[in-house]
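If you want the building blocks of each chain, they are given just below.
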Amino acid sequence: MRTNQTFSISFFIRKKKKQQELALLYVRITVNGKSLELSLKRTIPVNKWNLAANKMQGSSADAKIINNKIDQTKSLLHKAYDNLQKEDKVITAQILKARYLGTDQQHKSLSELLTYHNIQMGDVLSKGTLKNYFTTARYLDKFLKEHHKTTEVYLKQIDYRFTLDFEGFLRKQPKLHNNGVMKHMERLKKLMRLAEDLEWIDKNPTKRFKLHFDQVDVVYLTRSELSNIQQLELKKPGLRLTRDIFVFACFTGLAYADAKNLNQDHIQLGIDGKKWIYTRRKKTNTAVRIPLLDEAEAVLKKYQDHPKIADSDKLLPIYSNQKTNDYLKAIAKKVKIKKKLSFHTARHTFATSVTLANGVPIETVSKLLGHHKISTTQIYARVIDTKISSDIDRLREKLNPSPNKRESKW
């Protein structure tokens, strides 16, 4: 903290040129012997000013208003000076005046924060993730219009109540369930944390808000369901292509974006002399190494000359995510699987039926999936635990087969 500074405040009046009986009230700020004057925009009778006391004489209502203004100004100037000292700032009369008036800080708005975030993170976040931030921004805009009758709010105006009110607003929106609400709140928390890191706010008003996500059932295919899809006869080329690439993902665990971006450089020989996929997850930029199992390699060979990828280094001619998921729903219907199939179901299937259910250690599965924490992978282990009873039933049947199944193989 800076020391050896002198600081004083005094009040005085200056007569009006055309009304000599009246005067304007001023405050003089002096720091280290250098002064400046600031009008308080108050008029008082000259004969009522007490020069020695730096106050207006009398106990009239006007005198009380003027003297309260003097006391308030003195208090705010001392507070501004103390804050500048705590911040270890160089203090001059001009800087003190700016702090008192609030002109030394440019207050940032929520829209400025959103713009800064989207520009800075444009090359870092995936298009899908960035799109989600735009959706949150639209909800914030709607919230401001409906609850605050404005389209803009300064960051310093956002408090804990604003946070709770926004959550309440989201819960009233159609088609938004708890986890959707929590995702929007999570983005608001990240935005406000960014504002705090940028020193645009002194305190993060969303810090105390706790996120509560409902546990969602993991949708995956059993080995028999996956086998049925593999063997399904499909006449339409689009369905066949989608089915094959889905099967590829079931045996690699790659997410849609990673499978779509897969190229020849990602296929390398591992320390075992066999082909592996060496890539990075687009979502987290985490390096992953995945063995190229026979089922997956067969799909790559099948489509290596496909016209859609003939003039590129891509390995798989994948449709758009939406079209792919539409085709998967049609395939599920054909094979009479009632589960809600999407491309991400393949990743879940790889984690459960392909790896964990076949004895691959959870630590290995976590590495194959590119998870930062093994706790993320444990959700699949819990899914596998629910299969124990049915697995034991099948084991009993194999150990003690019914008469008509005596010849069945292990």
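Residues numbered from 1 in each chain as written. Predicted model: local features only at pLDDT ≥ 70, side-chain atom pairs only at ≥ 80, totals over all residues. Heavy atoms only, no water.

## Notes on the overall build of the protein
In plain terms, the rule: Counting from the N terminus, the helices are DSSP H or I runs at least four residues long and the strands are E runs at least two residues long. Every radius of gyration here is taken over C-alpha atoms, with the globule rule written as 2.2 Å times N^0.38, N being the number of residues. Whether a residue is buried, partly exposed or exposed follows from its accessible area with a 1.4 Å probe, protein chains only, as a fraction of its type maximum: under 20%, in between, or over 50%, in that order. Throughout, the Shrake-Rupley method with a 1.4 Å probe supplies accessible areas, and for residues the shown protein chains are the sole cover considered. Residues counted as positive are Lys and Arg, residues counted as negative are Asp and Glu, and His and the chain ends are not counted. For the purpose of locating charges, the reference atoms are NZ of Lys, CZ of Arg, CG of Asp and CD of Glu.
The secondary structure content of the protein amounts to 15 helices and eight strands. For 410 residues, the compact-globule formula gives about 22 Å, and the C-alpha radius of gyration of the protein, at 35 Å, lies well above that figure. Each principal axis of the C-alpha distribution contributes one length, and for the protein these read about 120 × 45 × 40 Å. A buried classification covers 39% of the 410 residues belonging to the protein. Surface accessibility of the protein: about 25400 Å² in total, with carbon and sulfur atoms responsible for 50%. Computed over 77 positive and 42 negative side-chain charges, the separation of the two mean positions in the protein equals 5 Å.

## Describing helix α2 (residues 93-101)
Note the threshold: A contact between two residues is defined here by any heavy atoms of the two lying within 4.5 Å.
All buried positions along α2 are accounted for by A93, L96, A98 and R99. At its buried positions, α2 is contacted by β1 (7-15), β2 (22-31), β3 (34-45) and α1 (61-86).

## Section: the packing of helix α4 (residues 127-147) against helix α6 (residues 178-197)
A packed helix pair is summarised by two numbers, namely the angle formed by the two axes and the spacing between the axes. Condition: Helix axes use the C-alpha atoms of the stretch in contact, all axes being lines fitted to C-alpha atoms, and the angles between their N-to-C directions lie in the range 0 to 180 degrees. The scheme is simple: roughly parallel for angles under 35 degrees, roughly antiparallel for over 145, roughly perpendicular for 65 to 115, oblique for anything else. Charged residues are taken to be Asp, Glu, Lys and Arg, nonpolar residues to be Ala, Val, Leu, Ile, Met, Phe, Trp, Tyr, Cys and Pro, and polar residues to be all remaining types, Gly included.
One can describe the packing of α4 onto α6 by two numbers: an axis separation of 10 Å at closest approach and a directional angle of 90°. Relative to α6, the element α4 is oriented roughly perpendicular. Residues N132, Y133, T135, T136, Y139 and L140 of α4 pack against H184, R187, L188, K190 and L191 of α6. Residues that form the contact of α4 with α6 fall into these classes: five nonpolar, four polar and two charged.

## Digging into the packing of aromatic side chains
How we decide: Pairing of aromatic side chains here covers Phe, Tyr and the six-membered ring of Trp, requires ring centres within 6.5 Å, and sorts the geometry by plane angle: under 30 degrees stacked, over 60 edge-to-face, intermediate tilted. Whether a charge sits over a ring depends on NZ of Lys or CZ of Arg being within 6 Å of the ring centre and within 35 degrees of the ring normal.
Per the stated rule, a full pass over the model turns up nine aromatic pairs. Consider the rings of F7 and Y81, whose centres lie 4.2 Å apart with planes at 10°: the pair is stacked. Of the two residues, F7 sits in strand β1 while Y81 sits in helix α1, which places them 74 residues apart along the sequence. Judged by its relative accessible area of 7%, Y81 falls in the buried class. Measuring from centroid to centroid gives 5.5 Å for Y116 and W200, while their planes differ by 65°, and the two rings are edge-to-face. You can see Y116 sitting in helix α3 (residues 110-120) and its partner W200 sitting in the loop between α6 and α7 (223-231), a full 84 residues away along the chain. Site record: aromatic cluster; members linked through ring pairs are F143, F162, F166 and F169. Across from the ring centre of F12, 4.2 Å away, lies the NZ or CZ of R28, which sits over that ring.

## Remarks on the nonpolar core
For the record, the criterion: Only buried residues count toward a nonpolar core, which is a set of Ala, Val, Leu, Ile, Met, Phe, Trp, Tyr and Cys residues joined through side-chain atoms within 4.5 Å.
Membership of the largest hydrophobic core comes to 52 residues, with the highest contact counts inside it found for I229, F246, F248 and I277. Among the elements that take part in this core, helix α8 (residues 237-250) stands out by supplying eight residues, more than any other. In this structure, A137, F169, M192 and A195 belong to the second largest nonpolar core, which totals 26 residues.

## Examining the sheet that holds strand β6 (residues 267-269)
Put simply, the rule is: By the convention used here, strands pair only if DSSP detects at least 2 bridges between them.
Sheet architecture is open: three strands sit in the order β6-β7-β8, paired in antiparallel fashion. Strand pairing shows two members of the sheet lacking a second neighbour, β6 and β8 (287-291), which therefore form its edges. In this sheet, adjacent strand axes meet at a mean angle of 35° when their direction is disregarded. Bridge analysis of β6 against strand β7 (residues 275-280) gives three bridges, and the strand direction is antiparallel. Paired with L269 across the strands is K275, a residue of β7.

## Brief notes about the packing of α1 against α2
The cut-off we apply is this: Rotating anticlockwise by less than a right angle from the far helix to the near helix defines a left-handed crossing, while the corresponding clockwise rotation defines a right-handed one.
α2 packs onto α1 with a crossing angle of 115° between their chain directions and a minimal axis gap of 9 Å. Put simply, α1 runs roughly perpendicular to α2. α2 is crossed by α1, and the crossing has right-handed handedness. Along the contact surface, α1 presents T73, L76, L77, A80, Y81, N83 and L84, while α2 presents I95, L96, R99 and Y100. Among the residues making up the contact of α1 with α2, the classes are represented as eight nonpolar, two polar and one charged.

## As for a positive patch on the surface
Heads up, the condition is: What goes into a patch is any residue over 30% in relative accessible area without a salt bridge, connected to like charges within 9 Å or, for nonpolar side chains (Val, Leu, Ile, Met, Phe, Trp, Tyr), within 5 Å. Salt bridges are defined as contacts in which a side-chain nitrogen from Lys or Arg sits within 4 Å of a carboxyl oxygen from Asp or Glu.
A contiguous patch of positive charge, built from K127, K260, K282, K308, K314 and K323, is present on the exposed surface. With respect to the secondary-structure elements, K308 resides in the loop between α10 (294-302) and α11 (321-334). Among the residues examined, K308 registers a relative accessible area of 44% and is labelled partly exposed.

## Some thoughts on the sheet that holds β3
Pairing is antiparallel in the open sheet, where three strands are placed in the order β1-β2-β3. Two strands in the sheet have a free side with no partner beyond their single neighbour: β1 and β3. When the angles between neighbouring strand axes are averaged without regard to direction, this sheet yields 20°. Here nine bridges tie β1 to β2, and the two strands are oriented antiparallel to one another. Across the sheet, the residue bridging to F11 is V27, located in β2. Lying over the sheet, α1 contacts β1, β2 and β3, oriented at roughly 145° with respect to β1. Contacting β1, β2 and β3, α2 runs over the sheet at an angle of about 45° to β3.

## Quick word on the pattern of salt bridges
By the definition in use, this model includes twelve salt bridges. Salt bridges linked by common partners bring R14, R28 and E37 together as one network.

## Overview of the pairing of β7
The turn joining β6 and β7, which pair antiparallel and follow one another in sequence, is formed by five residues; a positive phi near 80° is taken by G273. Pairing between β7 and β8: five bridges, direction antiparallel. Bridge pairing links W276 to P291 in β8. Taken together, β7 and the strand that follows it, β8, pair antiparallel across an intervening segment of six residues, in which N285 is found at a positive phi of about 65°.

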